[in-house]
Amino acid sequence: MLKRVIGSLVGDRLFYRRVLTLMIPIMIQNGITNLVNMVDNVMVGRIGTQEMSGVAVTNQLLFVFNLCIFGAVSGAGIFTAQFYGNGDDRGIRETFRFKLIATLLLALMGIGLFLWLDDTLIGVYLQGEGTPADIAATLGYAKDYLHIMLIGLVPYALSQCYSSTLRETDSAFLPMIAGAVAVGVNLSLNGVLIFGWLGCPALGVKGAAIATVVSRFVELGIVAGWTAYRRQKHRFVQGAFRSLRVPWPLALKIIRKGFPLMLNETFWAAGLAMLSQCYSLRGLDVVGANNIAQTFQNVFSVAFIAVGVSIGIVLGQQLGAGEEDQAMDSARKLIAFAVVISVGVGALYFGCAYFIPSFYNTTPAIRHLATRLMQIAAVAMPLDAFANAAYFTLRSGGKAFLTFLFDSVFSWGVVVPVVYLLSHYTSVSILVLFAFGHGLSLIKDIVGIILVKKGIWIRNIVNR
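Computed from a prediction, not measured in an experiment: that's the story for all the values here.

Enquirer: Sorry, what's going on with helix H17 (residues 430–439) here?
Expert: Each turn of an α-helix holds 3.6 residues, which means side chains three or four residues apart point in the same direction. What H17 keeps buried is the set Ile 430, Leu 433, Phe 434, Gly 437 and His 438. Seen from one end, H17 has its buried residues packed into an arc of 125 degrees, which puts them on one side.

What follows is the structure in structure tokens.
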């Protein structure tokens, strides 16, 4: 019995070779991106606590935008992966065009919203304990950083269109290289612009934003330029810009399936932002400590997140090829793989939490609190890994509304209300609040087990 169970959860060498071929470039690209954010964060943290907190608040807002973009490309990406499994180059090209249109519209809307409501959105996170001078300074640094970062929203959106389409067509290496070069540019400019190396003026948080924006343009230039140069291999780009026409029946399909996914990513990110706002009511020290914890959690989470993205691609291709039984078998093994990886990474993260906060020029109290928050997140990492893997499994067959219920509705219907009530109407410590924010994922995991096992996500959605 035990041997049979283990056999259903463990694949053979060929299975893992295919998964790792997808997963490793995605993991490296995401890891590089998060390492850049980490280095930015640490460098800004060397300036002072107010600068670090201002950048942290802005990045929390931009995180919501980034996930809107991710949701838009992912919604169309479900079709891209299945078109690729079905050998339909025209379908891939049309989904690529849809991504371009959707992400450009989102970028323009995001720029307008952030310019219009910058004080209001940032001020939501600055309502906890702290002197008026500290709050005003933090607000100023946050706005300085935000206004420059807005320049990079369009190139970021466009590069995500290319990168997602390349990954969904088994070409994950190019986005990885583009990300690596962008990181090198960002790191090179960080020291020069933040601290004034090589005789340049020290621009502080403005310098960090400029370095990031330049790296966004570099990444887009590489991924778009090389895709065009190798257009014989990447056939979806051939004729892609002769028009931006997307057949209306396909556009309606993508909107019907993709719009709920975009809403899901938006509401899920907004839920995380709401949790951070609830945590911030415990004071500005919590804003700084949570920033440190979140930054490094993103770095340590890249492995199981990469497995999740790979799940969506592998299962999407199998469903597009009509391999339904194989898709169910792959789902079980990939989810188990994600959880096993998260256990090892979580243990490493727990140990590293003892010394990571020492990189920051901040108070001992913030460093100690950051360590405890990181360790809570490390213990909960397997729960997050299972939920992430179940999410991508449900999404692979185009079950958009089910995915929305599983992810965003759970976040806003369970996690946010519990943490909100505890933060506003009790005096429980930030550690208890943080533990509830992560621990409630156990309920989500139980629901995920039931939904994945039922197989209601198994569908081919691209047969013309």
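Having put the structure on the table, let's press on.
Enquirer: Would you mind going over the state of the cysteines with me for this structure?
Expert: Disulfides are covalent bonds that link the sulfur atoms of two cysteine residues. Tallied over the entire structure, the rule returns zero disulfides. Cysteine Cys 161 shares no disulfide, and the gap to the nearest cysteine sulfur, in Cys 68, comes to 14 Å. With no disulfide of its own, Cys 278 lies closest to Cys 68 among cysteine sulfurs, the gap being 20 Å. Classification of Cys 278 by relative accessible area gives buried; the value is 0%.

Enquirer: It is not clear to me how the packing of aromatic side chains should be interpreted in this structure. Could you clarify?
Expert: Geometrically, a pair of aromatic rings is defined through the distance of the ring centres and the angle of the planes. With the rule as written, the count across this model stands at 10 aromatic pairs. Centre to centre, the rings of Phe 70 and Phe 392 are 6.4 Å apart; their planes meet at 75 degrees, and the pair counts as edge-to-face. With Phe 70 in helix H3 (residues 49–85) and Phe 392 in helix H15 (residues 381–396), this residue pair connects regions lying 322 residues apart in the sequence. With a centroid separation of 6.3 Å and an interplanar angle of 80 degrees, the aromatic rings of Phe 350 and Tyr 354 are classed as edge-to-face. A residue is classified by how much of its surface remains accessible, and Phe 350, at 32% relative accessible area, is partly exposed. Tyr 354 gets classed as exposed once you look at its relative accessible area, which sits at 54%. Through successive ring pairs, a cluster of aromatic residues spans Phe 96, Tyr 162, Phe 236 and Phe 241. Seen from the ring of Phe 406, Lys 444 lies directly overhead, with NZ or CZ sitting 5.2 Å from the centre.

Cut-offs used in this document
Residues numbered from 1 in each chain as written. Predicted model: local features only at pLDDT ≥ 70, side-chain atom pairs only at ≥ 80, totals over all residues. Heavy atoms only, no water. Buried < 20%, exposed > 50% of the residue type's maximum accessible area, 1.4 Å probe, protein only. Helix = DSSP H or I, 4+ residues; strand = E, 2+ residues; numbered from the N terminus. Arc of directions from axis to C-beta. Disulfide = S-S within 2.5 Å. Phe/Tyr/Trp six-rings, centres within 6.5 Å; stacked < 30°, edge-to-face > 60°. Lys NZ or Arg CZ within 6 Å of the ring centre and 35° of its normal.

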